[in-house]
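Structural characterization, general
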Amino acid sequence: MMRIGHGFDVHRLVPDRPLILGGVTIPYEYGLLGHSDADVLLHAVSDAILGALGLGDIGRYFPDTDAAYKGIDSMLLLKYVVDMAQARGFRVSNLDTTIVAQRPRLAPHVAEMVTNLTRACQIPSGCVNVKATTTEQLGYAGRGEGISAYAVVLMAATEN
Ligand code: MG
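Only a predicted model underlies this, so the values are computations on that prediction, with no experimental measurement involved.

1. Things to note about the pattern of salt bridges
- Per the stated rule, a full pass over the model turns up two salt bridges.
- In this structure, glutamate 145 engages arginine 143 in a salt bridge whose closest nitrogen and oxygen atoms are separated by 2.8 Å.

See below:
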């Protein structure tokens, strides 16, 4: 049995925060604002996995009102979600993502993001894709006010 899930997230760009995308710290004069490390890509992926399984969204499990999650590494949130899926008899089959950012240039960092996602989702290489696009300077992403990310995941029932 297969399940498909979709995730979307956006965070605001502000000064004096590190920019962390897909678990990679990227040199830039702005970073994403959030209660956690604000890794918008990992949040979209986590929500896609939860969505596939009808389990809500990461805000349900890691509320931004809980001080325990302040500044937390979103890779830990993703791993928790992957474990939840496994406990319910599902594994990630493949994952496709898009980051929407006008700046900085993300291409040099995509391979490391793919490696991080491949490890966190515990799937073979070649089953994860990370794309980056600008919006041709249109809208909030184009003005550099924020970065968003989309994720689509296919979950497969684990054989026994
Ligand atoms: Mg988020």
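2. Points about the side chain of aspartate 47
- The topology assignment puts aspartate 47 in helix 1 (residues 40-52).
- The buried charged residue aspartate 47 lacks any salt bridge, with arginine 60 as its nearest oppositely charged partner at 9.3 Å.
- Not counting residues within four places of it along the chain, the set of residues in contact with aspartate 47 comprises His6, Gly7, Phe8, Asp57 and Ile58.

3. Section: the pairing of strand 1 (residues 2-15)
- The pairing of strand 1 with strand 7 (residues 146-157) spans eleven bridges and is classified as antiparallel. From the neighbouring strand, arginine 3 faces strand 7, where its bridge partner is methionine 155.
- As defined by bridge partners, strand 1 adjoins strand 4 (residues 30-32) across three bridges and the pair is classed as antiparallel. What sits directly across from proline 15, in strand 4, is tyrosine 30.

4. With respect to a nonpolar patch on the surface
- On the surface, a cluster of nonpolar side chains totalling about 340 Å² of accessible area is made up of Phe8, Val10, Tyr140 and Tyr150.
- Position of valine 10 relative to the elements: it lies in strand 1.

5. Observations concerning the layout of surface pockets
- One number sums up the size of the largest pocket: a volume of about 270 Å³.
- Surrounding the largest pocket, 15 residues form its lining, Ser36, His43, Ile58, Phe62 and Asp64 being those nearest its centre.
- At the level of elements, strand 1, helix 1 and helix 2 (58-61) are the ones that each hand at least two residues to the lining of the largest pocket.

6. Digging into the side chain of threonine 98
- Along the polypeptide, threonine 98 turns up in strand 5 (residues 90-100).
- Of the polar contacts made by the side chain of threonine 98, one reaches the side chain of lysine 131; its length is 3.2 Å.
- If near-sequence neighbours (up to four positions away) are discounted, threonine 98 is found in contact with Lys131, Thr133, Ser148, Ala149 and Tyr150.

7. Some remarks on the sheet that holds strand 1
- Strand order across the open sheet formed by five strands is 4-1-7-5-6, with mixed pairing between neighbours. Strands with a single pairing partner mark the edges of an open sheet, and in this sheet they are strand 4 and strand 6 (128-133). With strand direction ignored, the average angle separating the axes of adjacent strands in the sheet is 20°.
- Here ten bridges tie strand 5 to strand 7, and the two strands are oriented antiparallel to one another. Paired with asparagine 94 across the strands is leucine 154, a residue of strand 7.
- Seen against the sheet, helix 4 (residues 110-121) touches strand 5 and strand 6 and runs at an angle of roughly 145° to strand 6.

Rules of the game
Residues numbered from 1 in each chain as written. Predicted model: local features only at pLDDT ≥ 70, side-chain atom pairs only at ≥ 80, totals over all residues. Heavy atoms only, no water. Salt bridge = Lys/Arg side-chain N within 4 Å of Asp/Glu carboxyl O. Helix = DSSP H or I, 4+ residues; strand = E, 2+ residues; numbered from the N terminus. Buried < 20%, exposed > 50% of the residue type's maximum accessible area, 1.4 Å probe, protein only. Lys, Arg positive; Asp, Glu negative; His and termini not counted. Contact = heavy atoms within 4.5 Å. Pairing = 2+ DSSP bridges. Patch = residues over 30% accessible without salt bridge, like charges linked within 9 Å, V, L, I, M, F, W, Y side chains within 5 Å. Areas by Shrake-Rupley, 256 points an atom, 1.4 Å probe, with all protein chains shown as cover. 1 Å grid on protein atoms, 1.4 Å probe; cavity = no way out; pocket = protein on both sides within 12 Å on 5 of 7 lines; lining within 4 Å. Points joined across faces, edges and corners; volume = space filled by probe spheres on them. Polar contact = N/O pair within 3.5 Å; in protein donor to acceptor, adjacent residues only side chain to side chain. Axes fitted to C-alpha atoms, helices over the stretch in contact; angles between N-to-C directions.

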